[in-house]
Amino acid sequence: MSNPSEDRRIDLEIHRAKASSDPFAAAMRATRMPMLITDPRQPDNPIVFVNDAFARLTGYTRAETLGRNCRFLQGPGTNVEDVDRMRQAIADRVPVEVELLNYKKDGSIFWNRVLVSPVFDGDDLTYFFASQLDVTRDRIGGLAPDGADESEMQRRIADLTAAEERLHFTLKAGGLGTWTLDVPNQRLVVSALCKANFGRGPSDEFGYQDLQSSIHPEDYPRWQQTLRAALEGDGEFHIEYRINLPTGDLRWIEIRAQTRFDDQHRPLTMSGISLDITERKEAEAYRMLVTQEMGHRIKNTLATVQSIVSQSLRAELPSNELRKVVAERIEALSGAHDILAEDDWDVAGLRQTIERALRPFNADGRIHYFGPDMEIRHAVSSTLTLALHELATNAVKYGALSGDDGRVRVEWSLQEEDFVLTWDEIGGPPVTPPTRTGFGSRMIEKVLSATVEGSATVDYRRQGVHYELRAPLMALSGSGPGRGLSISK
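The notes below deal with the structure included here. In this text, all values refer to a predicted model and were calculated from it rather than measured experimentally.

**With respect to the environment of Val96**
With respect to the helices, strands and loops of the structure, Val96 is situated in strand E3 (residues 96–103). With 22 residues separating them along the chain, Val96 and Pro118 place their C-alpha atoms 9.4 Å apart. In this structure, Val96 is in contact with Arg85, Met86, Ala89, Val114, Leu115 and Val116, ignoring residues within four places of it in sequence.

**Focus: helix H10 (residues 220–232)**
Here H10 contains 13 residues, and its C-alpha end-to-end distance of 18 Å stays within 8% of the 18 Å for a straight helix at 1.5 Å per residue. Listing the buried residues of H10 in full gives Trp223, Leu227 and Ala230. Down the axis, H10 shows its buried residues gathered within 60° of arc, on one side only. Across H10 from its buried face, at more than 90 degrees, point the exposed residues Gln225 and Glu232. In this fold, the buried residues of H10 make contact with helix H9 (208–214), strand E8 (237–244), strand E9 (250–261) and strand E10 (267–276).

**Focus: the sheet that holds strand E15 (residues 418–426)**
Taken in spatial order, the five strands line up as E12-E14-E15-E17-E16 in an open sheet, and their pairing is mixed. At either margin of the open sheet sits one strand with a lone partner, and together these are strand E12 (367–370) and strand E16 (455–461). Averaged over all pairs of adjacent strands, the angle between strand axes in this sheet comes to 10°, irrespective of strand direction. Bridge count between E12 and strand E14 (residues 407–415): four bridges; the pairing is parallel. Looking at E14, one finds that His368 is bridged to Arg409. Docked against the sheet, helix H14 (residues 378–397) engages E15 and strand E17 (464–472), running at close to 15° with respect to E15.

**Description of the pairing of strand E1 (residues 35–38)**
The two faces of a sheet get side chains in turn, since along a regular strand they alternate between them. Neither face of E1 is left uncovered, since the one carrying Met35 and Ile37 and the one carrying Leu36 and Thr38 both have all their residues buried. As paired strands, E1 and strand E5 (residues 124–134) are joined by four bridges and run antiparallel to one another. Paired with Thr38 across the bridge in E5 is Phe128. Sheet analysis places E1 next to strand E2 (residues 47–50), joined by three bridges and oriented antiparallel. Opposite Ile37, over in E2, you have Phe49 as the bridge partner.

**Describing the environment of Gln132**
Mapped onto the elements, Gln132 comes out in strand E5. Classification of Gln132 by relative accessible area gives buried; the value is 4%. In the structure, Gln132 is positioned 17 residues away from Leu115 in sequence and 6.7 Å away in space, judged by C-alpha atoms. Those residues in contact with Gln132 that lie beyond four places of it in its chain are Met33, Pro34, Leu36, Phe54, Leu57, Asn112, Arg113 and Val114.

**Side note on the sheet that holds E10**
Reading across from one edge, E7-E6-E10-E9-E8 is the order of the five strands in this open sheet, with antiparallel pairing throughout. With partners counted over all chains shown, the strands left at the sheet margins are strand E7 (187–190) and E8, one partner each. Between one strand and the next, the sheet's axes are offset by a mean angle of 25°, whatever the strand orientation. Bridge count between strand E6 (residues 176–182) and E7: four bridges; the pairing is antiparallel. When the sheet's bridge partners are listed, Asp182 is paired in E7 with Arg187. Packing against the sheet, helix H5 (residues 80–92) makes contact with E6, E7, E9 and E10, and its axis sits at approximately 50° to E6. Contacting E8, E9 and E10, H10 crosses the sheet at an angle of about 155° to E8.

**Notes on the side chain of His466**
Take His466: it is sitting in strand E17. When near neighbours in sequence (up to four residues on either side) are disregarded, His466 contacts Thr422, Trp423, Asp424, Thr457, Val458, Asp459 and Arg461.

**A few points about the packing of aromatic side chains**
All chains considered together, the criterion is met by four aromatic pairs. Between Tyr60 and Phe72, the ring centres sit 4.9 Å apart and the planes meet at 85°, which makes this aromatic pair edge-to-face. Note that Tyr60 is positioned in the loop between helix H3 (52–58) and helix H4 (62–65) and Phe72 in the loop between H4 and H5, a separation of twelve residues in sequence. For the pair Tyr60 and Phe72, one class covers both residues: buried. Ring centres of Tyr220 and Trp223 lie 5.7 Å apart, and the angle between their planes is 20°; this geometry places the pair in the stacked category. Taken together, the positions of Tyr220 and Trp223, both in helix H10 and three residues apart, correspond to about one turn of that helix. Its relative accessible area of 4% is what places Trp223 among the buried residues. Members of the aromatic cluster, each reached through a chain of ring pairs, are Tyr208, Tyr220 and Trp223. The ring of Tyr127 carries Arg41 above its face, with NZ or CZ at 4.8 Å from the centroid. The ring of Trp252 carries Lys281 above its face, with NZ or CZ at 4.6 Å from the centroid.

**Describing the nonpolar core**
Residues Phe419, Trp423 and Tyr467 are the most contacted members of the largest nonpolar core, which totals 35 residues. Secondary structure elements with two or more residues in this core: helix H13 (350–358), strand E13 (373–377), H14, E14, E15, E16, E17 and helix H16 (473–477). For this core, the element with the highest residue contribution is H14, accounting for eight residues. When sequence neighbours within four positions are dropped, the list of residues in contact with Phe419 reads Leu350, Met374, Trp412, Ser413, Leu414, Leu469, Arg470, Ala471, Leu473 and Leu476. Ranked by size, the runner-up nonpolar core spans 23 residues in total, among them Trp179, Phe198, Phe206 and Tyr241.

Reading the values: the criteria
Note on numbering: residues in each chain are counted from 1, in written sequence order. Note on the predicted model: pLDDT of at least 70 is required for a residue's local features to be given, and 80 or more for side-chain atom pairs to be given and counted; whole-chain, interface and lining totals, by contrast, use all residues. Derived side-chain values reflect all non-hydrogen atoms in the structure, with water molecules and hydrogen atoms excluded from consideration. Counting from the N terminus, the helices are DSSP H or I runs at least four residues long and the strands are E runs at least two residues long. Two residues form a contact once any of their heavy atoms are found within 4.5 Å. Between the first and last residue of a helix there are one fewer steps than residues, each counted as 1.5 Å, and that sum is the expected span. Whether a residue is buried, partly exposed or exposed follows from its accessible area with a 1.4 Å probe, protein chains only, as a fraction of its type maximum: under 20%, in between, or over 50%, in that order. Think of the arc as the fan of directions from the helix axis to the C-beta atoms. Strands pair, by our definition, only if DSSP identifies at least two bridges between them. Axis definition: a line fit to C-alpha positions, over the contact stretch in the case of helices; interaxial angles, taken between N-to-C directions, run 0 to 180 degrees. In summary, the pairing rule links any two rings of Phe, Tyr or Trp, Trp by its six-membered ring, whose centres are within 6.5 Å, and it sorts them by plane angle into stacked for under 30 degrees, edge-to-face for over 60 and tilted for everything else. Any Lys NZ or Arg CZ found within 6 Å of a ring centre and within 35 degrees of that ring's normal is scored as a charge over the ring. As used in this record, nonpolar core signifies buried Ala, Val, Leu, Ile, Met, Phe, Trp, Tyr and Cys residues forming a set joined through side-chain atoms within 4.5 Å.

Interpretation in functional terms is not warranted from these geometric data alone.
The following block contains the structure:
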């Protein structure tokens, strides 16, 4: 029958952080053989004791080891069948000896001969005791030719180590994480770099459930469908999807894998790589935005040219004067586009930017602007020009400048450390809010607000469109008050 006081003493000796006078506990701590003890009475059978020899073998400190399941030493190269043998023996509560390919904290591999034995108190299972032995040399020696001497053995070990280091460097340089999924048991083993792709540290737990919960909800059904097709088909798995990091950030991941099946085509393991493709996806989105912007700007330019010609024809000028007026206005329109292509200057005047952007639309002086001049960054000038060009184009096509009586008031002011610019259309036809948000509206609201780190809104008032831009002064000029900002009335 179990002795409660003896059980408490054993628990104390196992869990205490400092060395004790107990001869058996002292021997376990002092031996050069790596040893550990797990507690099957706790969830996931965690490690409750390791000796210093285990820390020297694996590179993990006691603090990094206690409380974790032994599987954290496994990696992509660990044989799943050997792991299954150990898992079954633990479930059956019988001793087992297995040689596993394990991974140290620095990512290097070693062959580990693990002997696991259950410890009973009567019929009660209290602990599992596991000893470890590095048998890497023996495993490699088995590959050496008969009669190989010590130097040959060392050379083969060095060659294999160098090959492993080259593979590790290649994977690291390419940002490729490696992983293996035990499909029937849904057990995932990942490399440190794969964990990093998902925003985890080398010692963090990252299982199959963690992987699934990290997938963006909108991409999860597509991930499930692609995985199911791979497992039911040829086993090739390739997908790109978004993930949510523990920090809340969004990241794009590419996964490629192959599946190993049994004779009945039942999936056993899936092994593959992970790659962070966030930068590539952002570049693709930017190229798509540029393409959309180019197409949109071409359409607007043609519409503006058509409006310029129509307005000029209403003046009933002689043909030679009409030709001159149209040419001058189209030339002014070209000058406004030149601003967007300039990249050989860092700052520009705000008033000059506004004048040049609106010149092709203001031949009859119906656009009025008020505000102090100041220096603004090139990026701000370019984006502001694009937004004003968009607003003016819409005014010519649908708003205050589409008839003869409307006008536009552009005003900007400095309010403490903030910059405020407004665009108001007056005297045009009644405004009807659009039923959908077009690319132009998204551009003048989102792109400009992002450039100036502020807010930009369009309000479709019935008497005329109202646009407002608010931004920190520093974001426009790249400097704060008293640090080189030039303002003049």
